Amino acid sequence: MSDRNSIIGNQKAKDRVVVLDFGGQYSHLIVRRCRELGVYAELLPYDTPVEELKRGIESEGGEGKINGIILSGSPFSVHEPGSPRCNSEIIDLDIPILGICYGAQLIAYTKGGVVGEGMKSEFGRAELIFEDSGLFYGLTERGSESGKMNVWMSHGDLIEQFDGADIIGHTMNTPVAAFRIANTYGVQFHPEVHHTDKGDKILWNFLYEICGCERNWAIESFINDKIEDIKRVIGAEGRVICGLSGGIDSSTTAVLINKAIGDRLTCIFVDNGLLREGEKEMVITTFKNNFNMKLVFVDAKERFLKGLWGVKDAEVKRKVIGELFIIIFEEEANKLGNVDFLAQGTIYPDRIESAGASSQKSSRIKSHHNVGGLPEKLELKLVEPIADLYKDEVREVAKELGMPLPILNQHPFPGPGLAARVIGEVTEEKLRICREASDIVEAELENSGWYDKVWQAFAIVGDDVATGVLGDARSLGRIVMIRVVESKEAMTADFVKLPYDVLESMSKRITNEVKGVTWVTYAISSKPPATIEPC
């Protein structure tokens with residue numbers, strides 16, 4: 001089995017705050033807010049063993065000391081059988097703890113407080129009355145011992161009574177909206193969302209005033225630290241191949257490793273037949289003109305299409321693609337000789353969605369070809385230097401590294417390529433339609449000035465057909481679905497409300513210019529409940 005811990009982020013080197021995930025919709029947002037405030041944070045499953053956390057708390061000498069723990073929200077009630085519970089010993093650890101919404105209720109419930117079941121639900125804004133201390137230090141008007149602010153509530157249960165705790169905040173419907181027991185805090189509202197006034201300041205107080213964290217997370221320091229990490233792990237003689245797709249993730253990975261080890265890196269660009277229109281030419285030209293890297297091109301279109309023949313299940317497609325990539329990388333490594341490592345552009349959402357950092361009860365959303373699609377036996381050690389970054393953080397790193405605009409500004413593209421946008425069996429006809437239609441979608445966004453305003457835009461093709469009229473004759477053709485979303489870190493996304501004239505232009509061009517298409521539809525589902533890519 002490959003060594004997946006060769007280089008995975010900075011969590012083993014940086015002091016950090018741990019967010020225990022109880023399945024709340026804002027769990028990732030808590031992590032992001034902490035990082036934005038300059039403190040490295042990582043998401044761990046709620047059932048992380050207490051012994052693992054104790055080792056982190058007691059760690060010294062740059063081993064990734066845990067300075068604080070945040071318990072996230074959850075869609076569950078603490079009264080539900082089988083609701084997620086961390087080990088109760090965690091709540092008693094000698095370390096600052098902040099419970100948010102469900103996390104606060106869990107602390108209160110564990111310590112003998114009274115948590116009411118759905119008696120006075122609160123959703124949306126509420127006025128919080130709070131004391132000027134601890135979490136709320138410096139948030140009142142000068143000289144005042146209490147203050148008011150609007151906060152964002154999203155809860156059914158509430159803490160009705162909590163003897164032994166200092167109640168430091170309440171709303172009209174929630175008698176215990178914030179509490180403190182020594183260095184353990186709980187808030188019923190969500191400071192991590194922008195709807196909460198001064199939410200960043202509340203988190204800042206927890207991170208810096210209560211946990212005593214030091215600012216240790218910035219893109220510039222990440223780059224320098226990561227280059228040193230790569231040098232240390234690869235060693236003075238180690239050689240690396242990098243699976244280069246031309247997307248922002250793999251390109252950033254390649255440039256980071258190139259800065260660390262120079263010409264001991266060889267990039268492998270595989271044309272799997274699942275690329276976007278003109279992508280092969282763009283990648284080869286961009287890297288030849290901008291970076292002094294060794295680049296090997298492999299034409300494997302026939303191998304991938306043959307491997308995908310008859311495969312309809314999305315998960316199986318991802319497995320097939322992932323395994324073929326690894327086989328080809330190992331073949332190229334053998335040709336080069338003495339290659340030790342395989343570098344991949346795995347990022348944090350890839351690991352989360354493949355259940356790589358989730359609890360035993362977590363559901364795998366989809367296997368990413370470079371995470372869940374890897375074979376059990378891999379001869380090369382893995383190098384994944386950006387595996388703890390969200391997509392927007394990767395773009396910041398890429399910008400700092402001087403990434404060319406054609407790569408820096410392009411929309412994200414899935415590892416399985418157009419196979420992730422072809423529902424059902426992957427055929428040459430469906431790939432052609434998907435490729436041509438997606439090219440039109442992107443072109444019309446460019447023409448209308450919308451391309452840089454959205455996160456991702458593409459066309460989807462399945463097996464559904466519909467009757468159309470081409471010329472004077474009835475014709476049966478494919479249905480193409482347009483998908484355009486806005487997002488920041490790819491963990492959540494909303495569909496974009498494009499102007500009708502833009503959608504109309506896309507539809508007209510696709511039905512007129514893409515042979516075999518009679519209908520065009522627009523996807524209006526957000527993530528969740530949908531995913532961004534259909535497969």
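Attention here is on the structure that accompanies the text. Each residue is numbered by its place in its chain's sequence as written, counting from 1. Predicted model: local features are reported for residues with pLDDT of at least 70 only, side-chain atom pairs are reported and counted for 80 or more only, and whole-chain, interface and lining totals are derived from all residues. With hydrogens and water set aside, each side-chain value is computed from the structure's full complement of heavy atoms.

With respect to the secondary-structure elements, Trp455 resides in the loop between helix H14 (428-448) and strand S17 (456-470). Among the residues examined, Trp455 registers a relative accessible area of 9% and is labelled buried. For the pair Trp455 and Ala490, spaced 35 residues apart in sequence, the C-alpha separation works out to 8.6 Å. Polar contact is the term for a pair of N or O atoms within 3.5 Å; when the atoms are in protein, one must be able to donate a hydrogen and the other to accept it, and sequence-neighboring residues count only if both atoms are side-chain atoms. Only 3.5 Å separates the side chain of Trp455 from the side chain of Gln456, close enough to count as a polar contact. Only DSSP runs of H or I covering at least 4 residues are called helices, and only runs of E covering at least 2 are called strands; the numbering of each starts at the N terminus. Exposure categories follow from relative accessible area, calculated using a 1.4 Å probe and restricted to protein chains: below 20% of the type maximum is buried, above 50% is exposed, and the middle band is partly exposed.

This part takes up the pairing of strand S12 (residues 240-244). By the criterion of burial, S12 is predominantly enclosed, with 5 of the 5 residues buried. With burial as the criterion, each face of S12 is covered, one bearing Val240, Cys242 and Leu244 and the other bearing Ile241 and Gly243. The pairing of S12 with strand S13 (residues 265-271) spans 5 bridges and is classified as parallel. Bridging from a neighbouring strand, Ile241 pairs with Thr266 of S13. In short, DSSP must find at least two bridges between two strands for them to pair.

What follows deals with the pattern of salt bridges. Salt bridges are defined by distance alone: a side-chain nitrogen of Lys or Arg within 4 Å of a carboxyl oxygen of Asp or Glu. What the rule picks out here adds up to 26 salt bridges. Measuring nitrogen to oxygen at the nearest pair gives 3.7 Å for the salt bridge that ties Lys301 to Asp271. Of this pair, Lys301 sits in helix H9 (residues 301-307) while Asp271 sits in strand S13, and the two are 30 residues apart along the sequence. For Lys301, a relative accessible area of 31% corresponds to the partly exposed category. Here Asp299 and Lys301 are joined by a salt bridge, their closest N and O atoms 3.0 Å apart. Taken together, the salt bridges that share partners define one network made up of Arg32, Arg33, Arg35, Glu36, Asp392 and Glu393.

Another point: unusual backbone geometry. Not every positive phi belongs to a glycine, and Cys101 is a case in point at roughly 55°. Looking at the secondary structure, you find Cys101 in the loop between strand S4 (97-100) and helix H4 (102-110). For Asn338, which is not a glycine, the phi torsion comes out positive at approximately 60°. On the secondary structure map, Asn338 appears in the loop between helix H10 (314-336) and strand S15 (341-343). Among the residues examined, Asn338 registers a relative accessible area of 68% and is labelled exposed.

Formed by 47 residues in total, the largest nonpolar core has its most connected members in Val270 and Ile510. Within the residue set of this core, elements represented by two or more residues are S13, H10, H14, S17, strand S18 (473-486) and helix H15 (500-513). Considering each element in turn, this core owes the most residues, 8 residues, to H10. Residues count as neighbours in contact if any of their non-hydrogen atoms are within 4.5 Å of one another. If we skip the residues at most four places from it in the chain, Ile510 touches Ala437, Ile440, Val441, Val480, Ile482, Val517 and Val520. Here, the term nonpolar core denotes a set of buried Ala, Val, Leu, Ile, Met, Phe, Trp, Tyr and Cys residues that are joined through side-chain atoms within 4.5 Å.

The next thing to look at is the packing of helix H6 (residues 219-234) against helix H7 (residues 248-261). For helices, the axis comes from a line fit to the C-alpha atoms of the stretch in contact; other axes are also lines fit to C-alpha atoms, and the angle between any two N-to-C directions lies between 0 and 180 degrees. The geometry of H6 relative to H7 is characterised by a closest axis approach of 9 Å and an angle of 65° between their N-to-C directions. The two elements H6 and H7 cross, and the hand of that crossing is right-handed. Facing Phe222, Ile223, Lys226, Ile227, Ile230, Lys231 and Ile234 of H6, the residues of H7 in contact are Leu256, Ile257, Lys259, Ala260 and Ile261. Counted by class, the contact of H6 with H7 contains 9 nonpolar, no polar and 3 charged residues. Two helices crossing with the near one rotated counterclockwise from the far one by less than a right angle form a left-handed crossing, whereas a clockwise rotation gives a right-handed crossing. Classes in brief: Ala, Val, Leu, Ile, Met, Phe, Trp, Tyr, Cys and Pro nonpolar; Asp, Glu, Lys and Arg charged; the others, Gly included, polar.

Centre distance within 6.5 Å is the pairing criterion for rings of Phe, Tyr and Trp, where only the six-membered ring of Trp is used; planes under 30 degrees apart are then read as stacked, over 60 as edge-to-face, and the remainder as tilted. Evaluated as defined, the whole model comprises 12 aromatic pairs. Between the aromatic rings of Trp204 and Tyr208, the centroid separation amounts to 4.9 Å while the plane-to-plane angle is 35°, which identifies the pairing as tilted. With Trp204 and Tyr208 both in helix H5 (residues 199-210), this residue pair falls 4 residues apart, about one helical turn. Classification of Trp204 as partly exposed rests on a relative accessible area of 28%. Each member of the aromatic cluster is reached from another via a ring pair, and the members are Phe22, Tyr46 and Tyr102. Throughout this description, the term charge over a ring refers to an Arg CZ or Lys NZ atom that lies within 6 Å of the ring centre and within 35 degrees of the ring normal. Looking at Arg35, its charged tip hangs above the ring of Trp217, at a distance of 5.1 Å from the centre. Over the face of the ring belonging to Phe458 we find Arg421, whose NZ or CZ atom lies 3.9 Å from the ring centre.

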